[in-house]
Each structure stands twice: as C-alpha cells, then as structure tokens.
Number of protein chains: 2
Amino acid sequence: MRLAPDELHRTADERLRRDGQRYTAGRRALVQALGSSDRPVTMAELLDCADGLAQSSAYRNLAVLEEAGVVHRLLTGDDTARYELAEDLTGHHHHLVCTRCGAVLDVEVPAELEAAIGRLAASIGSEAGFRVDGHRLDLVGRCGGCRAVADA
Amino acid sequence: MRLAPDELHRTADERLRRDGQRYTAGRRALVQALGSSDRPVTMAELLDCADGLAQSSAYRNLAVLEEAGVVHRLLTGDDTARYELAEDLTGHHHHLVCTRCGAVLDVEVPAELEAAIGRLAASIGSEAGFRVDGHRLDLVGRCGGCRAVADA
DNA sequence: CTTCCTGCAAAAGTTTTGCATTAAC
DNA sequence: GTTAATGCAAAACTTTTGCAGGAAG
C-alpha cells in the first residue's frame, strides 16, 4: 500500500491542519523524502533531500508530523533515530536490521503471522494490565555487504 | 529460565576471562543488578544499585560485558538505553513497552509463535540477502498506570 | 611488574530550546 | 495583523574518551 504522492501530501496537509499546523515547504520536503524512500531514513539523509532546511527545523517538523500522525520515529539500535511515514500511509510492515552497519530494510510478513501476533498481543497485554496498541518486529542479522566481514 | 545467582556469576566470570577481562566488583554489581531485575533497566537504575561505581565505568563495563556476551543493550523508544542479561542467561523473551512512560516489561510468547517467526525470518532474510540471526518483538501500548491518562 | 580497571573531567554526538526574524493565513 | 515556522546559536543530555592513579593477577 503506497499512496500516490498527491494523495500523500493531501493527507499530510489535512492532518496538520487538524492540529492547527501549516503544511509548509519544509514539511512538504520532509514528507516527500520519506514518501519516496522504501526504508526508514536518518536525519542526515533527510537533510540532504530537504534542501536548505535547518537541522533544528527538521527535528521540530518531524516532531510536529509525528504528533499529527504523519510520521513515525524509530530507533533500531545504532543510536541515531530513523523516520518513516506513519503506518496507515505505508501499510503495516516490519524491519530487517543489520547489526553491523545499521542498515534497515522494510519487509512485509504474511497476514497469517500478523494475525497470530495480534491475538497474542491482546491476551498478553490484558494479563499484564497493558492496552496493547501495536507491535514491532525486527529481524536482526547481517546484510549482504556485512555478511562476509569479520567482527573484531 | 533463570540461572541461580552463583551460576550467573560463574558464567559471567568465565566469559570475561575468555576475553582477557577481569570480573571485578563493579562488574559483579552490574551483573547482580541485571540478574535480579525482571525487566530491562536503565543506567540510572543501575547506578543506584552499583553503589559508588562511576558512570563512565558503568558504561565501559556494560560495553565489555556486552562484548563478552553477558549483557544485552536495547533501545525501546525513550532515547535512553536499557540493559538486560544476554538471552542465553534469561531465556528468550520479548517486551511490553509503554509509549507514555517508557516502562518495559519482559514477556514470553508461545513456542509455536516463536517457531513461526523463526521460519519467516529465515525465508525473508534469504530473499533480501540477509543472514537473520534473531528477532525482536515489542508489544507497544499503554501500561496500567498510563491507560487512564490523556495525552496532551 | 605488567596489565587491566577506575574515577574524574573533558569531549563528542544527537536532539532540544531561546530568540529574533520571516512567512503563512 | 496575528499566529506560527524558520534559522542561528546556545544548551541539554546521553554516551564516549584521555589520562593519571590504583587494583588485580
């Protein structure tokens, strides 16, 4: 499920307005960059695309976009945050994470497994007094380029 | 699967020695603290237990312990790392994560689901050129205390 | 007596904030 | 006009590192 670009921008605009926020050029550039990537991207990558946008504005805008439900921030282990579009804009998916170089790839898993995880989440959550709203599944290992490389 | 405390310390000692490292009082205190918690703990919590240990030493020791395969460092979303014993010392498990207060709880999931995830990981990994070594599953939501609280 | 560990203080890296200016509506 | 967004610089925060002294084997 990938939205058409204009659909994406229209939705982002809508959700920001709902929060009393404006869909400015800088925000548009961030959404554009996120929408054209097939994996979560780092701040450095975003700043390359969102030409001229100050880093502080990028952080602020990403926070606003996350608050509005357009963007999702994630930590995958290499201590630098990555950003992707919110799940309802990209479709539910999970991540392959390389423990050596930090690369992150999107993957989809069979609906059947998703359903099993969902059922589990509900039952485990209620046992622990949690209201479970979702889940994250990361498959961690070594990417193609890092498979051959020794560690130390 | 929870090791007896003496078994735990013996194993930690062994693994450090294998790396040419010593199992000092400070390291022992960290392992002790991790071993007596039923969930991943933050640096602040560790420093409370490991009485008098300098923060820099704690970070260094945790890195050494991770390298030796005794400790595992994880990021759950609230930007401060948490630490737990390595999986083979605690048993494979996953986490319930509260998106409001950051609380993290250990949970175990049925072997059947683990097996399904494992099979999936292998097949998805090979498709993407990854060698998948393991997986993380976080169930995210609101803990008991935060369920009632409104957001803004 | 050699190697490793420790604490302190300083540095590094990422993310956040204050403030004056500019742009959106 | 009024409110919100931007850029810059400075601050905050977590984590890492340099170095001199101390402990372990």
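For the structure given in this document, a descriptive report is provided here. Predicted, not measured: the structure shown is a model, and the values here were computed from it. (Residues numbered from 1 in each chain as written. Chains lettered and ligands numbered in written order. Predicted model: local features only at pLDDT ≥ 70, side-chain atom pairs only at ≥ 80, totals over all residues. Heavy atoms only, no water.)

### A look at the sheet that holds strand β5 (residues 104-107) of chain A
Phase 1: In spatial order, the strands read β5(A)-β4(A)-β6(A)-β6(B)-β4(B)-β5(B); together these six strands make up an open sheet with mixed pairing. Of all strands in the sheet, those bounded by a partner on one side alone are β5 of chain A together with β5 (104-107) of chain B. Strand-to-strand, the axes of this sheet are offset by a mean angle of 30 degrees, without reference to chain direction.
Phase 2: In the packing of helix α6 (residues 111-128) of chain A onto the sheet, contacts are made with β4 (94-98) and β6 (131-142) of chain A together with β4 (94-98), β5 and β6 (131-142) of chain B, and the angle to β6(A) comes to roughly 125 degrees.
Phase 3: Along the sheet, helix α6 (residues 111-128) of chain B contacts β4, β5 and β6 of chain A together with β4 and β6 of chain B; its crossing angle with β6(B), the most-contacted strand, is approximately 125 degrees. (Pairing = 2+ DSSP bridges. Helix = DSSP H or I, 4+ residues; strand = E, 2+ residues; numbered from the N terminus. Axes fitted to C-alpha atoms, helices over the stretch in contact; angles between N-to-C directions. Contact = heavy atoms within 4.5 Å.)

### Quick look at the side chain of B:E114
Phase 1: Mapped onto the fold, B:E114 is located in helix α6.
Phase 2: Setting aside residues up to four positions removed in sequence, B:E114 forms contacts with B:H92, B:H94, B:V109 and B:H135.

### Section: the protein's contact with DNA strand C
Phase 1: Around DNA strand C, the surrounding shell holds 21 residues, and the nearest of these are A:Y59, B:Q21, B:R22, B:R27 and B:R60.
Phase 2: When the atoms of DNA strand C within 4 Å of the protein are grouped by moiety, sugar and phosphate amount to 61% of the total.
Phase 3: In the model, a phosphate oxygen of DNA strand C is placed 3.2 Å from a nitrogen or oxygen of the A:A81 main chain.
Phase 4: B:G52 is positioned such that a nitrogen or oxygen atom in its backbone is 3.2 Å from a phosphate oxygen of DNA strand C.
Phase 5: Looking at the surface near DNA strand C, the elements with two or more residues in it are α4 (55-67) of chain A together with α2 (25-35) and α4 (55-67) of chain B.
Phase 6: Considering only residue class, the surface near DNA strand C consists of four nonpolar, 10 polar and seven charged. (Near = heavy atom within 4 Å. Polar contact = N/O pair within 3.5 Å; in protein donor to acceptor, adjacent residues only side chain to side chain. Nonpolar A, V, L, I, M, F, W, Y, C, P; charged D, E, K, R; others polar.)

### A closer look at the packing of helix α1 (residues 5-18) of chain B against α2(B)
Helix-helix packing is characterised by the crossing angle of the two axes and by the distance between the axes.
All names here are of chain B.
Phase 1: Here α1 crosses α2 at 135 degrees, and the two axes come no closer than 11 Å. One finds that α1 runs oblique with respect to α2. As for how α1 packs across α2, the hand of that crossing is right-handed. Listed contacts from α2 to L8, H9, A12 and L16 of α1 are R27, R28, V31, Q32 and G35.
Phase 2: Looking at side-chain class alone, the contact of α1 with α2 contains four nonpolar, three polar and two charged residues. (Parallel < 35°, antiparallel > 145°, perpendicular 65-115°, else oblique. Left-handed = near helix turned anticlockwise from the far one by under 90°.)

### Focus on the protein's contact with DNA strand D
Phase 1: Around DNA strand D there are 18 residues in total, and A:Q21, A:R22, A:R27, A:N61 and B:Y59 lie nearest to it.
Phase 2: Backbone atoms, meaning sugar plus phosphate, form 57% of the atoms of DNA strand D positioned within 4 Å of the protein.
Phase 3: Within the contact set of DNA strand D, a phosphate oxygen lies 2.3 Å away from a side-chain nitrogen or oxygen of B:Y59.
Phase 4: With respect to DNA strand D, the backbone of B:A81 contributes an N or O atom lying 3.2 Å from a phosphate oxygen.
Phase 5: For the surface near DNA strand D, the secondary structure elements donating two or more residues are α4 of chain A together with α4 of chain B.

### Here we look at the packing of helix α2 (residues 25-35) of chain A against α4(A)
Residue and element names in this part refer to chain A.
Phase 1: Between α2 and α4, the shortest axis-to-axis distance is 10 Å and the interhelical angle comes to 75 degrees. Considering the angle they form, α2 stands roughly perpendicular to α4. In this structure, α2 contributes G26, R27, L30, V31 and L34 to the contact, and α4 contributes A58, N61, L62, V64 and L65.
Phase 2: In the contact of α2 with α4, the residues fall into seven nonpolar, two polar and one charged.

### Quick look at the sheet that holds strand β3 (residues 82-85) of chain A
All names here are of chain A.
Phase 1: Pairing in this open sheet of three strands is antiparallel, and the strands run β1-β3-β2 from one edge to the other. Among the strands making up the open sheet, the edge pair consists of β1 (41-42) and β2 (71-74).
Phase 2: Summarising the sheet, β1 and β3 pair through two bridges and their orientation is antiparallel. The partner of V41 across the bridge, within β3, is Y83.
Phase 3: Sitting on the sheet, α2 touches β1, β2 and β3, and the angle it makes with β3 is about 85 degrees.
Phase 4: Each of β2 and β3 touches α4; the most contacted strand, β2, lies at about 115 degrees to it.

In short, the description is geometric, and any link to function would need to be established separately.
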